[in-house]
Amino acid sequence: MSIKVYVEGGGDSNQLRRQCRNGFREFFEKAGLKGRMPRVVACGSRQRAYDQFCAAINEAETDSFIVLLVDSEAAVASGDSPWDHLRKRDNWTQPSAAVDDSAQLMVQCMEAWFVADRQSLGVYFGKDFNAAALPARDDVEAIAKDDLERTLKQATRPCSKGKGTYRKGRHSFDLLGCLEPNKVMEASPHARRLIDALRRS
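Before going into details, it helps to say that this report is about the structure given with it. As the structure is a prediction and not an experimental result, all values here were calculated from the model. (Residues numbered from 1 in each chain as written. Predicted model: local features only at pLDDT ≥ 70, side-chain atom pairs only at ≥ 80, totals over all residues. Heavy atoms only, no water.)

### Topic: the overall build of the chain
- When its secondary structure is counted, the chain shows 9 helices and 4 strands.
- Helices and strands in the chain line up, N terminus first, as β-α-β-α-β-α-β-α-α-α-α-α-α.
- A compact globule built from 201 residues should have a C-alpha radius of gyration of about 17 Å, and the chain, at 16 Å, falls within 12% of that.
- In terms of principal-axis extent, the alpha carbons of the chain reach across some 50 × 35 × 30 Å.
- Classification of the 201 residues of the chain by burial places 52% in the buried group.
- The long-range share in the chain, meaning contacts at least 24 apart out of those at least 6 apart in sequence, stands at 72%.
- Entry remark: accessible area of the chain is about 9600 Å², with carbon and sulfur atoms responsible for 43%.
- One way to put it: in the chain the 31 positive side-chain charges average out to a point 6 Å from where the 28 negative ones average out. (Helix = DSSP H or I, 4+ residues; strand = E, 2+ residues; numbered from the N terminus. Rg over C-alpha atoms; globule rule 2.2 N^0.38 Å. Buried < 20%, exposed > 50% of the residue type's maximum accessible area, 1.4 Å probe, protein only. Contact = heavy atoms within 4.5 Å. Areas by Shrake-Rupley, 256 points an atom, 1.4 Å probe, with all protein chains shown as cover. Lys, Arg positive; Asp, Glu negative; His and termini not counted. Charge placed at Lys NZ, Arg CZ, Asp CG, Glu CD.)

### Observations concerning the nonpolar core
- Judged by nonpolar contacts, the single largest core of 47 residues is most densely connected at F24, F28, W113, F114 and L198.
- It is helix α1 (residues 14-33) that provides the largest number of residues to this core, a total of 6 residues.
- Once residues lying within four places of it in the same chain are set aside, the contact partners of F24 are V7, V40, L69, M106, M110, W113, F173 and L176. (Core = buried A, V, L, I, M, F, W, Y, C linked by side-chain atoms within 4.5 Å.)

### A look at α1
- For α1, which comprises 20 residues, the first-to-last C-alpha distance of 25 Å sits more than 12% below the rise-based estimate of 28 Å (1.5 Å per residue).
- Those residues of α1 not exposed but buried are R17, C20, G23, F24, F27, F28, A31 and L33. Down the axis of α1, the buried set is contained in an arc of 145°. They therefore lie on one face. Of the exposed residues in α1, the ones pointing more than 90 degrees away from its buried face are N14 and Q15.
- Directly beyond the C-terminal end of α1, a positive phi value near 100° is found at G35. (Expected span 1.5 Å × (residues − 1). Arc of directions from axis to C-beta.)

### Considerations on the pairing of strand β4 (residues 103-106)
- Neither face of β4 is open: one carries A103 and L105, the other Q104 and M106, and all of them are buried.
- Where strand β3 (residues 64-71) and β4 come together, 4 bridges link them in parallel fashion. Looking across to β4, one finds that L69 is bridged to Q104.
- Chirality of the crossover, the property in question, places the unit of β3, helix α3 (residues 82-90) and β4 among those that are right-handed. (Pairing = 2+ DSSP bridges. Right-handed = clockwise from strand over helix to strand, strands pointing away.)

### Points about the packing of α1 against helix α9 (residues 189-200)
- Axis separation between α1 and α9 bottoms out at 11 Å; the angle between their running directions is 70°. Classified by the angle their axes make, α1 and α9 are roughly perpendicular. Here α1 runs over α9; the crossing is right-handed. Between α1 and α9, the residues in contact are F27, F28, A31 and L33 and L194, I195, L198 and R199, respectively. (Axes fitted to C-alpha atoms, helices over the stretch in contact; angles between N-to-C directions. Parallel < 35°, antiparallel > 145°, perpendicular 65-115°, else oblique. Left-handed = near helix turned anticlockwise from the far one by under 90°.)

So, in structure tokens, the structure goes:
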């Protein structure tokens, strides 16, 4: 079985896309996928990830599992599948060759995964990291995207002598590789859905 994950992220630079691929590879390995690792395609923008996914799934062999992985950008309504959410929010249609598990979401964005593993955040940013600035709730998927990014910056502002204040791109993919997938899956049902789908494929 050939597995490819078309992921939002990596911007337009080769270096950042390489960091994106490496971060996801490390996360997936820790999640127990070593030996059946998906190939991660860092697509840059969210729209480009969808476009590349659609092109790939329409040309895929029968023994391939092609996945789209993007931020939900907002809360996912109760009872909605990822395809329901993407249709309502982005007007994206499910390709005829795609199955339910072909669409996967980081809810509401990748930063929710970071907040799910505060211990790894603290190790990464060092002793000046202020965990108390993060939202005091365990249901990370309910935290608004803007609040996640704002509080991460607040929590890391004292870290000027180390890693510095959190910046997407600069820190995100290194952080991703440091996370403990089990903690992320405990806090994020959509992260568990992703890993379960990859394990089954």
